[in-house]
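# Geometric and topological summary
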Amino acid sequence: MVLTSCGKLVKKEVLDASEQENQELKESLKAMQENYAAQNEELNSILEELSTINCQTLSLQLNIENGVAEESQADRISDNIQSIKERIDRLEKEAQQARKLNKDLAIATSTIKTLRQTIANQEQEIEQLKKVVGEQSATIETQKDTILNQQENLKKQNDLILSQKNQLDEIVRRQTRLLYEAGLEFESLADGGDFTIKGKKDRASVTDYRKGIYEKSITFYREALRQGHPDAEARIAGVQEKISLLQ
């Protein structure tokens, strides 16, 4: 039995063999893709576990600072680290096997290297903390006294800062009030000053003089406004209107 394909005669068994080979390639590719997905799933799980170990290490550090750390807590973290190291080993082997078939369907060697370095850093840190926990029983009272002294000193510093702030606020309030009052005095002087006027020249001179005094009052009002006086802005508007009437 023969079939016609692309103008040529092809035996049925050859065609069947080709189809079977294609099917096997598809299945092989699918298996590699599933393996790559599994590698990534394990990688994500390892990263989550590394994050958990990091939180556990931070908790141990806090307990050490508070003098309540226990060696069992440090030992549990060490066990978790060892478990992660074994999982990284298995992941590396799986990636190496997959890389032989298709390097694009394997976790990168740089990723594995980063995982190993990360876990090595955490292992080194936990070993140092375990030493501290072992020695802490002899120094715990000294640490407590140190913490209490630091807290007391911090409280004194906070009280001093608060006192200084209150003093500064009072100085600013007093200065703001004086600036506002100075503006009032200059405005009042320009309003009702006894100016002798003999001719047009004197009148113009007096007008300029009054404008100058008003401008000084505005200067004081503006500085008072900058420092937060509630009435300064309205006074500035009033004096500006008075100046416009002198034109």
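Residues numbered from 1 in each chain as written. Predicted model: local features only at pLDDT ≥ 70, side-chain atom pairs only at ≥ 80, totals over all residues. Heavy atoms only, no water.

## Regarding the side chain of histidine 229
For clarity, the cut-off: Counting from the N terminus, the helices are DSSP H or I runs at least four residues long and the strands are E runs at least two residues long. As used in this structure description, the phrase polar contact means that two N or O atoms lie within 3.5 Å; if the pair is within protein, one of them must be able to donate a hydrogen and the other to accept it, and residues adjacent in sequence are counted only when both atoms belong to side chains.
One can find histidine 229 in the loop between helix H4 (200–226) and helix H5 (232–245). Of note is the side chain of histidine 229, whose polar atom sits 3.1 Å from the backbone nitrogen of aspartate 231.

## Concerning the pattern of salt bridges
Inclusion rule: Definition used for salt bridges: Asp or Glu carboxyl oxygen within 4 Å of a side-chain nitrogen of Lys or Arg. Under the scheme applied here, a residue whose accessible area is under 20% of the maximum for its type counts as buried, over 50% as exposed, and between as partly exposed, the area being computed with a 1.4 Å probe on protein chains only.
Tallying each qualifying case throughout the model produces 14 salt bridges. Here arginine 116 makes a salt bridge to aspartate 89, at a shortest N to O gap of 2.6 Å. Note that arginine 116 is positioned in helix H3 (residues 109–192) and aspartate 89 in helix H2 (residues 71–101), a separation of 27 residues in sequence. A residue is classified by how much of its surface remains accessible, and arginine 116, at 30% relative accessible area, is partly exposed. On the basis of relative accessible area, aspartate 89 is assigned to the partly exposed category, the value being 32%. The partner of arginine 174 in a salt bridge is glutamate 170, with the nearest N and O atoms 4.0 Å apart. Placement of the pair is arginine 174 and glutamate 170 together in helix H3, with a separation of four residues, close to one helical turn. In the salt-bridge network here, residues are joined through shared partners; they are Glu187, Asp191, Arg235 and Lys242.

## Quick look at the side chain of arginine 87
The criterion, for reference: We call two residues contacting when some pair of their heavy atoms lies within 4.5 Å.
Mapped onto the elements of the fold, arginine 87 is located in helix H2. Accessibility expressed as a relative area gives 15% for arginine 87, which makes it buried. Leave out the neighbours within four places in its chain, and arginine 87 touches Glu42, Ser45, Ile46 and Glu49.

## Some words on H5
Note the following rule: Expected span of a helix, by definition, is 1.5 Å for each gap between consecutive residues, and there is one gap fewer than residues. Summarising the geometry, the arc corresponds to the directions from the helix axis toward the C-beta atoms.
Its 14 residues give H5 an end-to-end C-alpha distance of 20 Å, which sits within 8% of 20 Å, the value for a rise of 1.5 Å per residue. Those residues of H5 that fall on the buried side of the exposure criterion are Ala232, Ile236, Val239 and Ile243. The arc enclosing the buried residues of H5, seen along the axis, measures out at 70 degrees, which places them on a common side. More than 90 degrees from the buried face of H5, the exposed residues found are Ala234, Glu241 and Leu245.

## A few points about the packing of aromatic side chains
In plain terms, the rule: Pairing of aromatic rings covers Phe, Tyr and Trp, the last through its six-membered ring, and needs centres within 6.5 Å; plane angles under 30 degrees mean stacked, over 60 mean edge-to-face, and all others mean tilted.
Under the counting rule described, the total for this entry stands at two aromatic pairs. Ring geometry for tyrosine 180 versus tyrosine 221: centroids 5.5 Å apart, planes at 50 degrees, classification tilted. Linking tyrosine 180 in helix H3 with tyrosine 221 in helix H4, this pair joins segments that are 41 residues apart in sequence. Taken individually, tyrosine 180 and tyrosine 221 each receive the classification buried, so the pair is uniform in this respect. A centroid spacing of 5.5 Å and a plane angle of 25 degrees characterise the contact between phenylalanine 186 and phenylalanine 220, whose relative ring orientation is stacked. With a gap of 34 residues between them, phenylalanine 186 in helix H3 and phenylalanine 220 in helix H4 connect regions that are remote in the sequence. The exposure class assigned to phenylalanine 220 is partly exposed, which follows from its relative accessible area of 28%.

## Considerations on the environment of glutamine 61
Topologically, glutamine 61 is positioned in helix H1 (residues 12–65). Considering only alpha carbons, one finds glutamine 61 and leucine 129, 68 residues apart in sequence, at a separation of 7.4 Å. Look past the residues within four positions of glutamine 61 in its chain and what remains in contact with it is Glu125 and Leu129.

## Examining the confidence of the model for the protein chain
Quick note on the threshold: The pLDDT value expresses, per residue, how confident the predictor is, ranging between 0 and 100.
Per-chain confidence: the protein chain averages 81 in pLDDT, with 79% of residues scoring 70 or above. Taken element by element, the protein chain is modelled with least confidence in strand E1 (residues 2–5), mean pLDDT 46, and with most confidence in H5, mean pLDDT 92. Counted against residues more than four places away or in other chains, residues 1–9, with its pLDDT under 50, gives eight contacts.

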